[in-house]
Amino acid sequence: MEIDDLKNSWEDLNNQLKKGKDLNPEVVDQLTKSGYHRGLNKIIYPERIGAMICLLGAAFIGFNFSKLDTTFFQVTGIVSVLVLFTLSAISLISIRKLNRTGDVNIPYAETLKIFAMKKMQFLKFQRINITLSYLLLVTIIILLPKLFGGKDLITENKYLWTFSFSMGYIFLLYFSKWVFKSYTKTLRQTEELLEELAS
Amino acid sequence: MDKKEVFLTAINNNKGIIYKIASIYTNGTEDRNDLMQEIIYQVWKSFDTFNQKSGLGTWMYRVAMNVAIYHLNRTKRRIPTVPIEGQFLDFEDEDNSAFEERLQIFRQLLDNLNLLEKGIVMLYLEERSYEEISIIVGISVSNVGTKMARIKEKLKKQITKKSERWK
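Residues numbered from 1 in each chain as written. Chains lettered and ligands numbered in written order. Predicted model: local features only at pLDDT ≥ 70, side-chain atom pairs only at ≥ 80, totals over all residues. Heavy atoms only, no water.

(A) Region of interest: the overall build of chain B. Looking only at helices and strands, one finds eight helices and zero strands in chain B. Reading chain B from its N terminus to its C terminus gives the helix and strand order α-α-α-α-α-α-α-α. For chain B, the proportion of its 167 residues judged to be buried stands at 56%. Contacts in chain B between residues far apart in sequence, at least 24 positions, make up 70% of those at least 6 positions apart. Here chain B displays about 7,500 Å² of accessible surface, and carbon together with sulfur accounts for 48% of that area. (Helix = DSSP H or I, 4+ residues; strand = E, 2+ residues; numbered from the N terminus. Buried < 20%, exposed > 50% of the residue type's maximum accessible area, 1.4 Å probe, protein only. Contact = heavy atoms within 4.5 Å. Areas by Shrake-Rupley, 256 points an atom, 1.4 Å probe, with all protein chains shown as cover.)

So this is what it looks like as structure tokens:
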């Protein structure tokens, strides 16, 4: 079979599609209702939930900041809050960018360029997210016992600290490896697409 | 005819385009229906911007293919959208399995191409001229020819692998 034979097969699909029902006039009324696309915006994304958790975590540290009695803990607390805010901001910005439908009248190749650029930016954000998560792992492990029981974990329970940190680190290591493995492939494909569009 | 009637006629005359684009750029019925809805919505939204410089079919291809690209980003990130009632393109009481199987084979063949190639070859299969493909995609006619030659080579290899399934 040659590629031109595919055309015949493709044409057969057209014949089948002609048997399909036409668009109902009521659909247009539904489309013009303001609720149609607002419904799309109510969609729950894992990123949105993640961002909310980050913001709640930052608020929790903020409300309990008085429990952090030394400069070391206060600096760790500020770093944690900043990281949590950055993580949530990155998530929300990413969602907003990915969700936006641009001008659909422009040529297809232009849309593909925008798509590829957005994808590259998204991958950069993912890298920043993973790096910040490593930093957050350390600061949270230091802060949690202090915030919940007023204890200094580093001096009072070295074993628990070592265990928690190791487990968290191992989890993040495997998680980031998995993320980067899939993103490396996507990145390569996106770069190839951009090269193709430039040629 | 008012806008609504013109829109309905345009959609129904080009329903095959919408269905095939939605089928090629998605996996699974739910996602396909989701994309079809989004294409219809975006066509309606930008219907006033159709300037008649190109044919309605050409414009519809461009809009539908662009919406499909934007949809790719969202696909894995959302739960099903608000459904449009009306059973658009529903094949009631018919055995659709052979048709779906054929679409699936096309999807598999085209999945090995990048998004630019996928768009070009789909228009080629629709028997659009190189000039029309050039307008829809936004690359020169000679570039379309060069890319088509490369795509044919790629597809030939794919078809050889899958030829048994077409017998």
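Now that the structure has been shown, we can carry on.
(B) A look at the pattern of salt bridges. Following the criterion strictly, the structure yields seven salt bridges over all chains and no others. The salt bridge involving A:Lys146 is made with A:Asp69; its shortest N-O contact spans 3.2 Å. Note that A:Lys146 is positioned in helix 6 (residues 108–149) and A:Asp69 in the loop between helix 4 (46–63) and helix 5 (71–99), a separation of 77 residues in sequence. Take A:Asp69: its relative accessible area is 52%, and that puts it in the exposed class. Measuring nitrogen to oxygen at the nearest pair gives 2.9 Å for the salt bridge that ties B:Lys154 to B:Glu117. Here B:Lys154, found in helix 8 (residues 141–166), pairs with B:Glu117, found in helix 6 (residues 115–125); they are 37 residues apart in sequence, far enough to count as distant. Here B:Lys154 falls in the partly exposed class, since its relative accessible area comes to 34%. (Salt bridge = Lys/Arg side-chain N within 4 Å of Asp/Glu carboxyl O.)

(C) Representation of the packing of helix 6 of chain A against helix 6 of chain B in the model. Between helix 6 of chain A and helix 6 of chain B, the shortest axis-to-axis distance is 10 Å and the interhelical angle comes to 160°. The pairing of helix 6 of chain A with helix 6 of chain B is recorded here as roughly antiparallel in orientation. For the pair helix 6 of chain A and helix 6 of chain B, the crossing hand works out as right-handed. Contacts between helix 6 of chain A and helix 6 of chain B pair A:Tyr108, A:Leu112 and A:Phe115 from the former with B:Leu115, B:Leu116 and B:Gly119 from the latter. Grouping the constituent residues of the contact of helix 6 of chain A with helix 6 of chain B by class yields five nonpolar, one polar and no charged. (Axes fitted to C-alpha atoms, helices over the stretch in contact; angles between N-to-C directions. Parallel < 35°, antiparallel > 145°, perpendicular 65-115°, else oblique. Left-handed = near helix turned anticlockwise from the far one by under 90°. Nonpolar A, V, L, I, M, F, W, Y, C, P; charged D, E, K, R; others polar.)

(D) Summary view of empty space enclosed by the protein. Residue and element names in this part refer to chain A. One pass over the full model with this rule turns up four cavities of 30 Å³ or more. The space that makes up the largest cavity amounts to roughly 50 Å³. Forming the boundary of the largest cavity are Ser94, Lys97, Leu98, Lys118, Gln121, Phe122 and Phe125. Only helix 5 and helix 6 provide two or more residues apiece to the lining of the largest cavity. In terms of residue count, the dominant contributor to the lining of the largest cavity is helix 6 (four residues). For the lining of the largest cavity, a count of residues per class yields three nonpolar, two polar and two charged. Every residue lining the second largest cavity is listed: Leu123, Arg127, Phe180, Tyr183, Thr184 and Leu187. Among the elements of the structure, helix 6 and helix 8 (158–198) are those that each provide at least two residues to the lining of the second largest cavity. Counting residues per element, the lining of the second largest cavity draws most heavily on helix 8, which supplies four residues. (1 Å grid on protein atoms, 1.4 Å probe; cavity = no way out; pocket = protein on both sides within 12 Å on 5 of 7 lines; lining within 4 Å. Points joined across faces, edges and corners; volume = space filled by probe spheres on them.)

(E) Up close: the packing of aromatic side chains. All names here are of chain B. Counting across every chain of the model gives six aromatic pairs over all chains. Residues Phe7 and Trp44 carry aromatic rings whose centres are separated by 4.9 Å and whose planes lie at 75° to one another, so their mutual orientation is edge-to-face. Here Phe7, found in helix 1 (residues 3–13), pairs with Trp44, found in helix 3 (residues 29–45); they are 37 residues apart in sequence, far enough to count as distant. The two residues Phe7 and Trp44 agree in class, both being buried. Arranged with centres 5.6 Å apart and planes meeting at 85°, the rings of Phe7 and Phe47 form a pair that is edge-to-face. Here Phe7, found in helix 1, pairs with Phe47, found in the loop between helix 3 and helix 4 (56–74); they are 40 residues apart in sequence, far enough to count as distant. Ring pairing ties together the aromatic residues Phe7, Trp44, Phe47, Phe50 and Trp59, which thus form one cluster. Taking the ring centre of Tyr25 as reference, the NZ or CZ of Lys118 above it sits at 5.3 Å. (Phe/Tyr/Trp six-rings, centres within 6.5 Å; stacked < 30°, edge-to-face > 60°. Lys NZ or Arg CZ within 6 Å of the ring centre and 35° of its normal.)

So yeah, pure geometry; function would need other evidence.
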